[in-house]
Structures are given as structure tokens and as C-alpha cells.
2 protein chains.
Amino acid sequence: METYDIRFPTSRELDGSDAMNPDPDYSAAYLVLRTDAGDGVEGHGFAFTIGRGNDVQVAALDALRSHVTGRPVAELCADPGSLSRDLNGDSQLRWLGPEKGVMHMATGAVVNAVWDLAAKRARKPLWRLLADAEPEWLVSQVDFRYIADALTPQEALDLLRRGREGREARAADLVRRGYPAYTTSPGWLGYSDARLTRLAEEAVAQGFTQIKLKVGADLEDDVRRCRAARAAIGPGVRLAVDANQRWNVDEAIAWTKALAAFDPYWIEEPTSPDDILGHAAIRSAVAPVKVATGEHAQNRVVFKQLLQAGAIDVLQLDAARVGGVNENLAILLLAAKFGVPVCPHAGGVGLCELVQHLAMFDYVALSGTTEDRVIEYVDHLHEHFVHPVHVTGGRYRAPSAPGFSSAMHPASIATYTYPDGTFWAADLISGGETA
Amino acid sequence: METYDIRFPTSRELDGSDAMNPDPDYSAAYLVLRTDAGDGVEGHGFAFTIGRGNDVQVAALDALRSHVTGRPVAELCADPGSLSRDLNGDSQLRWLGPEKGVMHMATGAVVNAVWDLAAKRARKPLWRLLADAEPEWLVSQVDFRYIADALTPQEALDLLRRGREGREARAADLVRRGYPAYTTSPGWLGYSDARLTRLAEEAVAQGFTQIKLKVGADLEDDVRRCRAARAAIGPGVRLAVDANQRWNVDEAIAWTKALAAFDPYWIEEPTSPDDILGHAAIRSAVAPVKVATGEHAQNRVVFKQLLQAGAIDVLQLDAARVGGVNENLAILLLAAKFGVPVCPHAGGVGLCELVQHLAMFDYVALSGTTEDRVIEYVDHLHEHFVHPVHVTGGRYRAPSAPGFSSAMHPASIATYTYPDGTFWAADLISGGETA
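Residues numbered from 1 in each chain as written. Chains lettered and ligands numbered in written order. Predicted model: local features only at pLDDT ≥ 70, side-chain atom pairs only at ≥ 80, totals over all residues. Heavy atoms only, no water.

Caption draft 1: A look at the packing of helix α6 (residues 101-121) of chain A against helix α16 (residues 325-338) of chain A. Residues and elements named next belong to chain A. The contact between α6 and α16 brings their axes to 8 Å, and the two run at 100 degrees. Viewed along their axes, α6 and α16 adopt a mutual orientation that is roughly perpendicular. Along the contact surface, α6 presents H104, V111, N112 and W115, while α16 presents V325, N326 and E327. For the contact of α6 with α16, the per-class residue count stands at 3 nonpolar, 3 polar and 1 charged. (Axes fitted to C-alpha atoms, helices over the stretch in contact; angles between N-to-C directions. Helix = DSSP H or I, 4+ residues; strand = E, 2+ residues; numbered from the N terminus. Parallel < 35°, antiparallel > 145°, perpendicular 65-115°, else oblique. Contact = heavy atoms within 4.5 Å. Nonpolar A, V, L, I, M, F, W, Y, C, P; charged D, E, K, R; others polar.)

Rendered as C-alpha cells:
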């Protein structure tokens, strides 16, 4: 297991700017699993961060190394849930969470790397590996601790069995037509109105049926930007708005109502991701505007409660925030049980590449529908991935390459490793003028 | 700012063993703030961990260094809330939480070190510094983001003003009589029944009116151990039980009811610390047994909801889990608003030393009472502190030394720094036979 601190200087263009994150440097705490199987197959995984602290995230990956190295690779790939349980169950590391923050994202990165390895060894893209798996085996991959009051193993099994009906037809449809996407690229807070308008018009022309705007810094600005966006996209395209946790409960309600004239489809992250009861209060106050959250929801226990409390209309799981594919299986099953659509969070570094597999599995073999479901799309940094996402006509095309699409080009790693990669080394010499 | 990875080999005696943590090595990610004031006064703070991952916790401390160093010391000590807001508001580091897990404990350690420095410079123990402070200034030290729906600044001010009435009489009472304690020392899961009985009898003889037993690994064992403990302490002493998050909601209810014959005073951490709704369900099912939690509650947003949902009877704040004194002020104010008694978590390394100051401030200048309030006491590792807690007759004696009682002896740091301190260096040579 090798680890890398990889950082991209995105702050210099205000890409990714929002009300909470004015200047992110999109980064990845990245790992590569190598085996002695002799086939050259590697597992790649990463946690996404936005700059400072990526070194702490790498330290957390390193703290998990002894759980991974030395395990027989065939056993590991046949049962990633075993590793997942070991990582979450390490009693000393558990104290640092449990199952939240830096240590849990590290668990997710390692677990996802194992799934990448398993899918490559099976010569299938991950979505297909999951969709082909037996329901009993998928249930065995889920940790029901702390969620069994909302979802029993038997209920999960029933959902997965029901999800298999019509599976091949949906897989064929997916390969033919892809999965719906929406785009956040027009709406970063740091962009001018002219740039916003131009990008919004381009998004509609490209086939997107939903765009998203960052809001929450200044109400007057938001009103103006929402008006410009609505004018650019017309009444038939969905306009989501995203406050990135900027507000208290009362502010969230008042601000969302102030934007209601522009028919926002959902308000995303209106307040703290930890505030289940707060989201429930906001949801009942701002309907029919939907409430969406999840990119910072730390684990399945929080998602369980968001669903139990009727706090969200849209569940935005993230491939690299929680404990990896195994925990996201639990979250997809909870969403299916409660009948709440999953619209995954993506963007960042490689989040689109990862999460498309989970949404596609959900369509083919669990929820069985793409209705009111869209995967976020942001057109940044895909060029660093060996198998980048392919979005055309407003839809993600189903990946065909074996694995989890998580591998970066070696040249990108060598260039953007911090602080010794060629980009950063040169940047330090030139005083930050490289980009 | 200097940082240290300090680990004590407690696992070799099964001290601290419970249903989730069979073999903790009590550890501290420790920091020292030095200034150029020329007075030799230092600020000490730490995050408590239980072994593996203490290096990750130290990396998190190091990631905060640039926020602290170079600040004018008088300004910093006059307004620790300013640093607290900067640390919580660092948008790139915030991505790693927000306000939870490794990064948030690091914030707490740094903030607490500043309070130690501030109290030493003011030549007061921290509890006294807080109790002497103006209500308006204390309110200025609280971050109301995400809690204003449950507690407004004006409500906080009113609570603090009311808390000042009779303050001097309570301070004198505190200095004379101390603050009630309970002891967990008899009840570690790894102890034999004979040791449990002997220690329980000793605790009562020492004046404790409450003891605590670890439960949750095996019901038959728990029934036997509770019976032995109840026999040892008699009917008039409170017996708390602590499951350390071992159960699902249904298990928690059934297990607690199975122990009801032994009149448990509270069931502590019955399930995931993230499960607000789960605690509420458990509480309504197991009454009159009280529900207690908090040592792993990640921040004020979770405590707010535990109170809003009526999920707990007893709030167990921890001095080193959340973002330091400032966030614990918010939590104490929330508890006072909702009328829920605070019985702080302690033990570990130095948690007793820290948290006594918060409970004593609460008594003297906020809640104004010690009724149904006890601070946990565990008689481990105090010898490593310059100003160890002083517990006699089942009560914490009010500290009189200036500061937050957070400083360890330099010799302890030199001995137990991992892996290069003299203990661990010798241990590595002898193959783990040192202890």
C-alpha cells in the first residue's frame, strides 16, 4: 500500500468556490494497493479534500496500512466487507470517530481501493460487478449495526431480490442511454453574472435538464444570480440551489423563501450536516422546494435518521465521505426502503468517476428507476484519470473499463504530489506564479 | 507550539477495558504553547486517544499551528473565541469535518491550551476565571451558529446573569466541600468479580455515592456482575451502567430491562453516539432508568438535538472531544436552558484534570446546583500531571493552582513519548516486557 498527497491549484481560478469554501485547492489523499498475484492489477482509492489537511488525511491512510497489507488478495476481494468491519472495528482507531471525519474517510478510501481491485480482477466495471452479485452476498457486505431499527437484513434482501427483476433490460438501457446528470459548473459563487449566464445557456444546449447555483453569501446577489440563471435556462429546466451549510435554521427558511420566485428545485445543505432535526424543520417550512443533503453526512447512522425524521426529499450520498462501497450499499438500501431518490454528490477530484458506479448499480439492480434521479457533474480535473467519466447529452455514459474508475495517471501523480511534485516544486521556486 | 505523541501502556493491566475497547493504551496528542512574554508561562492542551492513531491526532495538531503561532499573546488570551472561530472556520480544514473527529479534537486541544495560558496569566484556576467573567464576555465566547434555533445569545445572557446570583456563596461552598464525584474504577469489564466487589466496597467506604459498571459484552456476565456490585454497595448507592455504544436500539432496550432488577441509575452510551432518534426511543422505553451520553458526541449540534428530542436525562460532556472551552460553554448553556444535569465524562489521560473546571464553573456561575450532578472519577495516570486532581470523601476538591490543570510533568513526557521516549525505546528492545 502506497500513499500520496496530491493537490491541484484550483483556488487560482475560483473553480469550486461557494459560500463556505471561497478558495479550495481540490486534493486527494490517494493510495495504491499492489499485490503479488503477478497480474499487475492494482487497487486505487482516495479521499477527497480541499487542500490544507490533506497531509492529515494521508496520515490517516497510513494508520490503516497494517489492516490491509499481508491479507490474501483473493479472500480480500471475495469479501471486502470483512476488511470494512475490521477497519471500523479497530477499537483504538474507533476512538478517533467513531465512523466520522478523517479516520472514516480513510476507511472509505481503503475499502474503495479494494473494490477497485476486486472489480478489475473480475474484469467488470464496478457497477456491473455489483449488479451481477447475488442479493445474499450483497447483504453480507452491509454492516447493520446502528441501522437495524430502520432496515433489517431480511428487508434488505427483499429489496435486492425485487431489484433484480428486469435487471438485464435496465442494464441494456443504461449502456445505450446513460444515466441523467446535472451540472454545477455554471454556478460557482466566484463567477461573474456574464460567465454564469453563458455557462447556463451552454448547459441547456448540451442537454442538461438541471443546473445548480451556489448561494448563501449575500441575498441580494443570490436574487440577481437566480434571476439571471432562470432567464438563461427558461422555465422547463430545473434550478437547484446550494448553500453549503451556511445558515442557521431560521435563516435557511427565510432565505429559501426569498428565492422561491425563481422556482428552485431543491435547497441543498441549508444548514449543518449534523442537524437532522434542523433539516426536518426546514423541510416542512420551505415545501414545495425540496431539501437535499448528504455530501457531508458522516455515516449511515446520520442518513438513517434523516430518513426516519422525514428531513430530506433528496439523498446526496458521496462515494468518498463515508466508509466506502459497503457503507454506501447500506445507504442505498435505506433510501430504497424509505422511497427517497438518491442524487449523488460529485465534483471535486474523481468523485464523478467513483459515484457513477453506485448510481448505476442502484438503477440496474436496486431502485430500478432513474426518475427524479440525477448525478452531479462538474467538468474539472477529469483529465487526470485513466478512465474519466464520459458525459454527453446531459447523461453519464456507463463505464465499460474494469474497476471503479479511480486510477489517476502516473504523470498527474508525479506532477501534483505535494510539496515535492514537479508542479509544486516549481511553484515554490516561482513564488506561486506557476498557475 | 510544540507537539508530542504520548502513550501509556495501560492495556497491559486491562485498566480502561470495556465492551468496545478491550485493550486501550491511554494516550495524549499533546501540545505546549510558548510565548515571548518573558514570564515563562506556557499553555498546555491535549486530545485524549486510546493508542493507535495518536500519531494522526498529532498530525492534526500540527495542521493548526499556523493559526496559532505569531498571534499577540495578550489579544489571544483576551479573546480565545476569536481563535476558536478561526480554527472552525478554516474552510479547507473544515472539509475534513466539519467540527467532528480528529480535526475537531485537535481544535479543542489548541483552544484549551490557550485557556490554560489565559488562566495562568490571570493567576486563577480556570473555573474561577470563568466564574468571575462578565456574562456579556462569556456570551461573546460562544459560537451560536447551528444552535440559535435552540438557544439565542439573549437567552444565554439571561442564564448567565441569573447564574451570578449567589455566586460568591457557592464559590466558598465549593472551596470548602468540593464537587460530587462518582467512580468507574471498580467496574472495568476485564476485572474479576472478586476485584469488582473489593473495589466497590472500597469506593463506598471512601465516600462515593455512585459507582459505574461497564456492561454490554455478555448479558449473563452482566447480570452476575450487577448483582455482585449491588450486593457490595447496598441499596442506597447509585449504580450506573455503561455499554460504550455496543448495542442497536432494540438490544439496548432489552438488555437494559434485563438489568433493571439491580436498579441501575443510568444506562450510558446504549448505542451509537450519532443516533439522536435512537437515544430518544431507548429513553422512552427504559424509564425510569435514565439515559446518559456525551463522551463521543462530536459537537454542540449533536448535543442541541439530544436535548431538543428529549433523548437524554444526563448530559456527559467531555473536555477534550469537542472544540474546547468555547464549545463546552455552549453545551453547558444548552443544558441549563433545557434543565438537563451535566455529569461530565472523565478518566483517560487528564480528562478529570480538565473537566472539573467546567463542572465547577457551572455550579458557581451557571446552573447554581450540584443536585444530581457528579463528575466521573477514575484513579489512573494522575501522577503524570503537575496539578493532579484531588478527590477525597467522594468529592473533587476545587483546584487552586492557576490554569486548566493540563500540564504534564516533563519527565512523564520524556518517558512516554512514542516511540522514542525512554519507556517505549526500552520496550521495543525488550519485546514488550517492560510493563
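Still more ground to cover, so stick around.
Caption draft 2: Representation of the confidence of the model for chain A in the model. Across chain A, pLDDT averages 96, with 98% of residues at or above 70. Our summary of model confidence lists the complex with pTM equal to 0.97 and ipTM equal to 0.97. (pLDDT = per-residue confidence, 0-100.)

Caption draft 3: Representation of the packing of helix α4 (residues 80-89) of chain A against α6(A) in the model. Residue and element names in this part refer to chain A. Where α4 meets α6, the axes come as close as 10 Å, and the angle between the chain directions of the two elements is 165 degrees. The angle between α4 and α6 places the two elements in the roughly antiparallel class. The interaxial crossing formed by α4 with α6 has right-handed handedness. The residues of α6 that touch α4, namely those facing P80, L83, S84, L87 and N88, are H104, T107, V110, V111, V114 and W115. Tallied by class, residues from the contact of α4 with α6 come to 7 nonpolar, 4 polar and no charged. (Left-handed = near helix turned anticlockwise from the far one by under 90°.)

Caption draft 4: View of the state of the cysteines. Summed over all chains, the structure comprises 0 disulfides over all chains. With no disulfide of its own, B:C343 lies 14 Å from the sulfur of B:C352, the closest cysteine sulfur. (Disulfide = S-S within 2.5 Å.)

Caption draft 5: A look at the environment of B:V175. Residue and element names in this part refer to chain B. With respect to the secondary-structure elements, V175 resides in helix α10 (residues 167-177). The exposure class of V175 is exposed, given its relative accessible area of 55%. Remark: the alpha-carbon pair of V175 and R123, spanning 52 residues in sequence, is separated by 17 Å. Setting aside its immediate chain neighbours within four residues, V175 contacts W127 and A398. (Buried < 20%, exposed > 50% of the residue type's maximum accessible area, 1.4 Å probe, protein only.)

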